[in-house]
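Structural overview
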Amino acid sequence: MGLIVDHIGVFGSGLRVSAEISACTFVLAALLGAALAVCQISPVLPLRVFSRLYVGGVRSIPLLVLLTLFVFGLPEIGVVYSLQWTAVTAMGLYWAAFFCEVLRAGVRAVPRGQIEAARALGLGFGQTLRLVVLPQAARSIIQPAASLLIAVTLNSSLAAAVGVTQELTGQTELLDQQYAQPLLTFGAAALAYVTVALWVGWLAGALDRKLAVSR
Amino acid sequence: MAGQAQPGTLPQEFRVSSSDALSETAAQAPSDQDPRTSLVRIRGLNKHFGGVQVLHDVDLDVHSGEVVAVIGPSGSGKSTLCRCINRLETITSGSIEVGGVPLPAEGRELSRLRAEAGMVFQSFNLFSHMTVLQNLVLAPVQVRGLSRAEAQKRGRRLLARVGLADKADAHPAQLSGGQQQRVAIARALAMEPSVLLCDEPTSALDPEMIQEVLDVLAELAAEGMTMIVVTHEMGFARKVADRVVFMDGGRILTSAPPTEFFADPGHARAADFLSKVLQH
């Protein structure tokens, strides 16, 4: 136990980097996923086809395989930037496909009559989406989006496998190599992940209840 | 409600303008003596859902200030006709003009013209994430470019007119069905449309709430609003409408002033329908 207490700073900095990677990945995935979702419900056929192919393709590749392809592939085509940001890019592109599906389900949960009423009042496609559909869809996607954020956070540990050693799992591996106490070190890491995941879940629940009142 | 007929006190005489091939009242061209032009002018409208044809070669003229009640059995195409007028449904062929301008198939111009035809739905369709007043303010600000203050003033005036001035800050879910439909009517009016399309406005309401909505519509009619009302309320058709259009099988079978229509439907199918709905 002393081992953990002595190295609490290592876990702290690992958790901070993991949180950073997860947050950036989630924001990138949300923006890209929203764009993909808009493509899928847009009246323009090529956009719909592109989005379908993207989602279908990307979510069929294991994240670790995608990460490895990016880490080794980007330098091949002359794109070189830090390992951490390469991992964020790959994971952002990956989770965008899932975020798109969550959003699309949320949009489909908005009753058709709401959209018809907006159109009948003369609102265009963009206005209908922004002022009527998305605000209502947002309420139904809070919980699934929170599940996605938890998945993004936990799977950010895969970054360690492609060499981002600064994040929590990477730091834990280094400690384990040094002291050969896998149960203790990874037990502590697991506890840290659980704490974050529960906290995200609780926050989403609180947000959901708050919005439900004003419905 | 089938009881009293209101004899010839209708403000205007309206020409029958249905020219359906099956119609026994036969093709009459829109009146040349009528100085008013048609506000809504439908010619040769056909509509298919997949392989099923739901509207057959429909012609209809609605003049400014006229109230047309569209009646007929379920599945006769009356709701579809109503929804085609502002292109909530795409049409297979034919033409629809509102205010002398043909409706384009899609795009910004369509949005602008749609706003000319206010729509009241069977299921109200108030925006559930907004307050009553926000429902009324949204489109005038976004589509017509009114200032928020101006739109709110108009919204409150319209709420007062439908008897719901005190509900401005309520959410739709807090209102009864009848109240929601009155808000929906106010929301449509906030765009100052030239014609109001009502698609079975009372069909989703409890019997005791139907009257409050019909009263609002009757008031609008008395004020000269042009309306096309798809309805099962024969009392409303008889008392408020200037003309009754009877549809069956996707065709307009008869089109006549209510006194004439209810005295003699002029078509066997219409007579049969009336005998069924007027019995209870």
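In this text, all values refer to a predicted model and were calculated from it rather than measured experimentally.

Residue and element names in this part refer to chain B. Turning to its location among the elements, Leu136 is positioned in helix H3 (residues 132-142). The class of Leu136 is buried, set by a relative accessible area of 0%. In contact with Leu136, not counting residues within four places along its chain, are Gly155, Leu158, Leu159, Val183, Ala186, Arg187 and Ala190.

Hydrogen bonding along the main chain pairs the strands of a sheet, whether they run parallel or antiparallel. All names here are of chain B. Spatially, E2-E1-E4-E5 is the arrangement adopted by the four strands of the open sheet, whose pairing is antiparallel. Single-partner strands in this sheet number two, and they are strand E2 (52-63) and strand E5 (101-102). Note that strand E1 (residues 38-49) and E2 share eight bridges and pair antiparallel. Bridge assignment links Ile42 to a residue of E2, and that residue is Leu60. In the packing of helix H1 (residues 78-85) onto the sheet, the strands contacted are E1, E2 and strand E4 (93-98), and the crossing angle to E1 comes to about 120°.

To continue, consider the UniProt feature "transmembrane region" (unreviewed entry) in chain A. Residue and element names in this part refer to chain A. Here, UniProt's "transmembrane region" (unreviewed entry) annotation points to residues 20-41, 53-74, 80-103, 145-164 and 184-207. Helix makes up 55% of residues 145-164 and strand 0%, with an end-to-end C-alpha separation of 26 Å. Taken end to end, residues 184-207 is 100% helix and 0% strand, and its first and last C-alpha atoms sit 35 Å apart.

The next subject is the packing of aromatic side chains. For the structure on display, the rule yields eight aromatic pairs over all chains. Their ring planes at 50° and their centres at 5.2 Å tell us that Tyr94 of chain A and Phe98 of chain A sit as a pair that is tilted. You can see Tyr94 of chain A and its partner Phe98 of chain A sitting in helix H5 (residues 83-108), four residues apart, about one turn around the helix. For Tyr94 of chain A, a relative accessible area of 10% translates into the label buried. Judged by its relative accessible area of 26%, Phe98 of chain A falls in the partly exposed class. Pairwise contacts between aromatic rings join Phe246, Phe261, Phe262 and Phe273 of chain B into one cluster. Above the ring of Phe127 of chain B, the side-chain terminus of Arg187 of chain B is found at 4.6 Å from the ring centroid. Lying across the ring of Phe262 of chain B, Arg238 of chain B places its NZ or CZ 4.5 Å from the centre.

With that settled, consider helix H4 (residues 63-76) of chain A. All names here are of chain A. The terminal C-alpha atoms of H4 lie 20 Å apart, and with 14 residues this matches the ideal 20 Å at 1.5 Å per residue to within 8%. The largest bend along H4 reaches roughly 25° and is located at Phe70. Within the sequence span of H4, burial applies to Leu63, Leu66, Leu67, Phe70, Val71 and Leu74. Contact partners of the buried residues in H4: H5 and helix H7 (125-155). Just past H4, the residue Gly78 takes up positive phi, approximately 85°.

With 20 residues of chain A at the interface, the matching set in chain B holds 23 residues. Both sides of the chain A and chain B interface together cover about 1800 Å² of buried area, and 57% of this is carbon and sulfur. Contact with chain B buries surface across chain A, with Arg119, Ala120 and Leu121 of chain A losing the most and accounting together for 33% of the total. Seen at the junction of chain A and chain B, the total is one salt bridge. Between Glu116 of chain A and Arg83 of chain B there is a salt bridge whose closest N-O contact spans 2.6 Å. Applying the counting rule to chain A against chain B returns eight residue pairs in polar contact (both at pLDDT 80 or more). Taken together, the elements giving at least two residues each to the side of chain A that touches chain B come down to helix H6 (112-120) and H7 of chain A. Partitioned by chemical class, the residues of the side of chain A that touches chain B number eight nonpolar, seven polar and five charged.

Thresholds, definitions, all that
Residues numbered from 1 in each chain as written. Chains lettered and ligands numbered in written order. Predicted model: local features only at pLDDT ≥ 70, side-chain atom pairs only at ≥ 80, totals over all residues. Heavy atoms only, no water. Helix = DSSP H or I, 4+ residues; strand = E, 2+ residues; numbered from the N terminus. Buried < 20%, exposed > 50% of the residue type's maximum accessible area, 1.4 Å probe, protein only. Contact = heavy atoms within 4.5 Å. Pairing = 2+ DSSP bridges. Axes fitted to C-alpha atoms, helices over the stretch in contact; angles between N-to-C directions. UniProt positions renumbered as here; feature names shortened; annotations may be inferred. Phe/Tyr/Trp six-rings, centres within 6.5 Å; stacked < 30°, edge-to-face > 60°. Lys NZ or Arg CZ within 6 Å of the ring centre and 35° of its normal. Expected span 1.5 Å × (residues − 1). Bend = angle between axes of the 7 residues up to and from the residue. Buried area = accessible area lost by both parts, 1.4 Å probe. Salt bridge = Lys/Arg side-chain N within 4 Å of Asp/Glu carboxyl O. Polar contact = N/O pair within 3.5 Å; in protein donor to acceptor, adjacent residues only side chain to side chain. Nonpolar A, V, L, I, M, F, W, Y, C, P; charged D, E, K, R; others polar.

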